[in-house]
Amino acid sequence: MRASVLRDGRMIYRDDVADPVPETGQVLVAVKACGICGSDLHFAKHGEKVLEMTERVAGATGGMNVDLKHDIFMGHEFSAEVLEAGPDTDTYPLGSIVTSIPVLLSAKGVEPIVYSNHTIGAYAERMLLSAPLLLPVPNGLDPQHAALTEPMAVGLHAVNKSNIEPGETALVLGCGPIGIAIIASLRARGVENIVASDFSVKRRELAAAMGAHQTLDAADGSPFDTVKAAVVFEAIGVPGIIDDVVLRSRPGTRLVVAGVCMEADTFHPFFAIAKEINVQFCLAYGPEEFAESLRSLAEGEIDVSPLITGEVGLDGVGAAFDDLADPERHCKILVTP
């Protein structure tokens, strides 16, 4: 079958990948759509660093067992159609449109569908999913929109961690896919004053379309000069941001760090101590949040159509990775095998 794989830091089109065969408890699905995630772009450029940091935090036996010298399958934001169930496996009827948290259960254990030399991700025609983890896509939701359940769940998780109330002001720093997902979840939560800051004109426009009440050009100065936020969401993920936030934010601020910074960083604890700032780091989501994200999309509480700025086939994934480097051109490109 056809797939796009990571080889030597570049996405390569292949038409000779063996079809996966479902085991008991697994389902073979045809991928309908898969979003290209910023973490995939980062892994393509800095795979060795990602694996090193993951092993350090998870331990030698808990890291990703990935060999960068061999082809790597990726793609974890997806919707799919049920084609075939494994032996003695009950699942949804053939032809059902489903999604799932990106995890595959097998006789060997649990493998995340993120980066793997063996477990096929959604940059492919077909892949395996775990029958117990499948969620049917309800209400006739467009499969392309359903594919964004996963990134929207990341935003929902950050908002849940903040414990924000509707009357509190939220400031979102960075309007890439994570920041946009946070904004959408804040608006769905009923937060009445959402302010978003970014250098990119395109991303500020998307932030407004997804629910930000006010957008600020980061080039015009610090947003803390004009915004008194109760909760600050850091969705940039570069060194120096945390230190700047704890210095400039008001006393009692709750800082939620959702941007994934892979570099060493420093900040002055005194700034946070003097203001009694609460700092919450967060990553990904739980199964319940994934299901809630799908429900919000299906019931029209969140419309992700403004985020979809491009669509490519499997032979166009490499070029799409390059195009996503320009924030003025794209937010989310979908791969539709």
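With an unreviewed UniProt entry as reference, the chain is termed Alcohol dehydrogenase, source organism Mycobacterium ahvazicum.

UniProt feature "domain: Alcohol dehydrogenase-like C-terminal" (unreviewed entry): in the numbering of this structure it lies at residues 177-298. For residues 177-298, the end-to-end C-alpha separation is 19 Å, with 40% helix and 18% strand making up the annotated structure.

Okay, the nonpolar core next. Membership of the largest hydrophobic core comes to 45 residues, with the highest contact counts inside it found for Ile36, Phe43, Met74, Tyr123, Met127 and Phe321. At five residues, strand β3 (residues 26-35) tops the list of elements feeding residues into this core. When sequence neighbours within four positions are dropped, the list of residues in contact with Met74 reads Leu6, Met11, Asp40, Phe43, Val114, Tyr115, Gly121, Ala122, Tyr123 and Phe321. Of all hydrophobic cores here, the second largest spans 39 residues; its members include Cys175, Ala212, Leu294 and Cys331.

Inspection of every chain in the model, using the stated rule, returns 14 salt bridges. A salt bridge links Arg248 to Asp244; the shortest N-O distance between them is 2.7 Å. Of this pair, Arg248 and Asp244 both sit in helix α6 (residues 241-248), four residues apart, which is roughly one turn of that helix. Under the relative-accessibility criterion, Asp244 is labelled partly exposed at 29%. What you see here is one network of salt bridges that share partners, running through Arg7, Arg14, Asp16 and Asp71.

For the coordinates displayed, the defined rule picks out three aromatic pairs. Taking the centre distance of 3.9 Å and the plane angle of 10° together, the rings of Phe43 and Tyr115 count as stacked. Taken as a pair, Phe43 in helix α1 (residues 38-58) and Tyr115 in the loop between β7 (109-112) and β8 (126-130) lie far apart in primary sequence, 72 residues in all. Side by side, Phe43 and Tyr115 carry an identical accessibility label, which is buried. Ring geometry for Tyr123 versus Phe321: centroids 6.3 Å apart, planes at 75°, classification edge-to-face. Of the two residues, Tyr123 is situated in the loop between β7 and β8 and Phe321 in helix α9 (residues 317-323); the sequence distance between them amounts to 198 residues. Summarising the burial analysis for this pair, Tyr123 and Phe321 share the class buried.

Okay, the domain arrangement of the chain next. We note that the domain assignment places domain 1 (3-136 + 304-335) and domain 2 (151-281) within the chain. A separation of 29 Å is found between the C-alpha centroids of domain 1 and domain 2. Across the domain 1-domain 2 interface, the total number found is zero salt bridges. Run the count over domain 1 and domain 2 and you get three residue pairs in polar contact (both at pLDDT 80 or more). Looking at which element gives the most residues to the side of domain 1 that touches domain 2, the answer is α1, with four residues. When the residues that make up the side of domain 1 that touches domain 2 are grouped by side-chain class, the tally is seven nonpolar, two polar and four charged.

With that out of the way, let us pick up the sheet that holds strand β13 (residues 231-234). The strand order across the open sheet built from six strands is β12-β11-β10-β13-β14-β15, with neighbouring strands paired in parallel fashion. If you trace the sheet from one side to the other, it starts and ends with β12 (214-217) and β15 (278-281), each paired once. Averaged over all pairs of adjacent strands, the angle between their axes in this sheet comes to 20°, without regard to strand direction. In terms of strand pairing, β13 meets strand β14 (residues 254-257) through four bridges, oriented parallel.

In this structure the tally under the stated criterion is zero disulfides. The thiol of Cys37 is not disulfide-bonded; the next cysteine sulfur, from Cys34, is found 9.2 Å away. Its sulfur unpaired, Cys261 is 14 Å from the next cysteine sulfur, which belongs to Cys282. For Cys261, a relative accessible area of 28% puts it in the partly exposed group.

With a phi angle near 60°, Asn139 is a residue other than glycine that sits in the positive phi range. Tracing the chain through its elements places Asn139 in the loop between β9 (134-136) and α2 (143-146). On the basis of relative accessibility, which here comes to 59%, the residue Asn139 falls in the exposed class. A positive phi angle, near 50°, is found at Glu276, a position not held by glycine. Positionally, Glu276 belongs in the loop between α7 (269-275) and β15. A relative accessible area of 68% means that Glu276 is categorised as exposed.

Right, let's talk about the pairing of strand β6 (residues 103-106) for a bit. As judged from the four bridges shared by β6 and β7, these two strands associate in the antiparallel manner. Within β7, the residue paired with Ser106 across the bridge is Gly109. Two successive antiparallel strands, β6 and β7, enclose a turn made up of two residues.

What counts and what doesn't
- Residues numbered from 1 in each chain as written.
- Predicted model: local features only at pLDDT ≥ 70, side-chain atom pairs only at ≥ 80, totals over all residues.
- Heavy atoms only, no water.
- UniProt positions renumbered as here; feature names shortened; annotations may be inferred.
- Helix = DSSP H or I, 4+ residues; strand = E, 2+ residues; numbered from the N terminus.
- Core = buried A, V, L, I, M, F, W, Y, C linked by side-chain atoms within 4.5 Å.
- Buried < 20%, exposed > 50% of the residue type's maximum accessible area, 1.4 Å probe, protein only.
- Contact = heavy atoms within 4.5 Å.
- Salt bridge = Lys/Arg side-chain N within 4 Å of Asp/Glu carboxyl O.
- Phe/Tyr/Trp six-rings, centres within 6.5 Å; stacked < 30°, edge-to-face > 60°.
- Domains from an automatic or database assignment.
- Polar contact = N/O pair within 3.5 Å; in protein donor to acceptor, adjacent residues only side chain to side chain.
- Nonpolar A, V, L, I, M, F, W, Y, C, P; charged D, E, K, R; others polar.
- Pairing = 2+ DSSP bridges.
- Axes fitted to C-alpha atoms, helices over the stretch in contact; angles between N-to-C directions.
- Disulfide = S-S within 2.5 Å.

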